[in-house]
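Okay, here's what each chain looks like letter by letter:
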Amino acid sequence: MTRGQYTDPKSTQTTFRQYAEKWLDSKTSSPMTRKELGRRLRLHVYPVLGSRPIGTFRPEHIRELVSALEAKPSVGPSYARNIFADVQAVLSAAVDDTLLLRNPCGARTVRRPKSDGHRVVPWAPAQVFAVRAALLDRYQAMVDVGAGCGLRQGEVFGLAEDAIDVDGRTLHVVRQIKHVEGHPVFALPKGGKKRDVPLPNSVAGALRAHMGACKPVEITLPWDVPEGRKVSARLIFTAGQGGMVWRSNFNGKEWKPALAAAGLIPPEADENGKFESAREHGMHALRHFYASALLDAGESIKAVSEYSTWGMPTRH
C-alpha cells in the first residue's frame, strides 16, 4: 500500500460486467443516460470483456476491444470512441476502488478508436432552400428553425408553444423528444441544459404562419424514461394524423425524399423504396449551416458555441 501497488483480493473474483453494473447503479446521471450507457456496454463490451476479472486487465485486453469495435460495420468511429470512453470510465473507478493498479486504457500501446476524420462542408443557402421547398408544407418551418436557430432534430420535434418568448425575439429550448429503447420520451436538451437562442424575425414569421395553418397539438409522453412521470406539451410540429413526429418515419419518408429532390443524394430509391444512406445530410446539417452563417456574420466562436450548446451570451 505504501508503494501504491496494492489491489484488493476481491478484484480477481469480480468480473468486469459485475463491477460495471454496480458502477452504473451508483452514477448520478439521468436514468436515460444510464440506460444508454448500459446498452452500449451490454451490446459491444460485455461480449468481449464481460467475464474477465476486473483486477486482471492489461493493455492487450483493451487493444482487443478496440480491434473488435473497428471490425463491426454497425459501429461508426464516433460511436466506437464513446464505447472506449465508457470502458475507460469503468476502469478508472476500479482504480479508485483499489481493484486495479492502473487504467490500461491510458497505456502508450493502446490507441483510441480512429476518428472519422470527415470534414464538414456546410450546405449552401440554395441547398437549404431546396430541401425546404421539397418538404410537405407542415414540415417546412422545421428547416427555418434548424437553420435559423441551430436546434437539433429532437429539439425541433419537441418544440412547443411555450418555446417562443413573449417578446418574439427569443426561443427557449427546454425539451427534446428522444427514443429510449424504442420508446419516445420528453427530456432535457442534449447535455441536460436548457438554453435560449436569438429568434430571427424570419424564423418567428415562419413559425407564426405554420401555427396558423397547423395548430399545435397537446402531446403527452413520459419524462426521461419510458416509466417516467407523464408530461404534456402543445407541440408545434406534428404528423399529419395529429400525433408526434416519429424520427424514423420522418427521416425515411419525408427528409430523404426531400434530399433526393434537392440533388443532395441520388434521386433513385432501391426496390424497397429506400434511399441511399445520408448521414452527412441529416437534419444536423442545418446546425452546421447555422454555425457557418453566424461565423460568416462576424460572431465569435465562443458566441456560436453558447448559442448552439448553452444559450445566448449574457451580453445579449
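Residues numbered from 1 in each chain as written. Predicted model: local features only at pLDDT ≥ 70, side-chain atom pairs only at ≥ 80, totals over all residues. Heavy atoms only, no water.

What follows is about the overall build of the chain. Helix and strand counts for the chain come out as 11 helices and 6 strands. Residues classed as buried in the chain amount to 43% of the 316 residues present. Within the chain, contacts between residues separated by at least 24 positions form 64% of all contacts whose residues are at least 6 apart in sequence. Of the roughly 17,000 Å² that the chain leaves accessible, carbon and sulfur atoms contribute 50%. (Helix = DSSP H or I, 4+ residues; strand = E, 2+ residues; numbered from the N terminus. Buried < 20%, exposed > 50% of the residue type's maximum accessible area, 1.4 Å probe, protein only. Contact = heavy atoms within 4.5 Å. Areas by Shrake-Rupley, 256 points an atom, 1.4 Å probe, with all protein chains shown as cover.)

A separate point is the packing of helix α6 (residues 137-149) against helix α8 (residues 201-213). Two elements in contact, α6 and α8, have axes whose closest approach is 9 Å; the angle formed by their N-to-C orientations is 160°. Taken together, the axes of α6 and α8 are roughly antiparallel relative to one another. Judged by the sense of rotation from one axis to the other, the crossing of α6 with α8 is left-handed. Residue-level contacts link Arg138, Ala141, Asp144, Val145, Gly148 and Cys149 of α6 to Val203, Ala206, Leu207 and His210 of α8. Grouping the constituent residues of the contact of α6 with α8 by class yields 6 nonpolar, 2 polar and 2 charged. (Axes fitted to C-alpha atoms, helices over the stretch in contact; angles between N-to-C directions. Parallel < 35°, antiparallel > 145°, perpendicular 65-115°, else oblique. Left-handed = near helix turned anticlockwise from the far one by under 90°. Nonpolar A, V, L, I, M, F, W, Y, C, P; charged D, E, K, R; others polar.)

Here we come to the nonpolar core. Core analysis: the biggest nonpolar cluster contains 50 residues, and Trp123, Met142, Val145, Leu151, Leu171, Phe237 and Trp255 have the highest contact counts within it. Broken down by element, the residue count for this core peaks at 7 residues, all from α6. Excluding residues that lie within four positions of it along the chain, Leu151 makes contacts with Val145, Gly146, Val156, Leu159, Leu171, Val173, Arg195, Val197 and Arg287. Counting 29 residues, the second largest nonpolar core, distinct from the first, contains Tyr46, Ile54, Val87 and Leu91. (Core = buried A, V, L, I, M, F, W, Y, C linked by side-chain atoms within 4.5 Å.)

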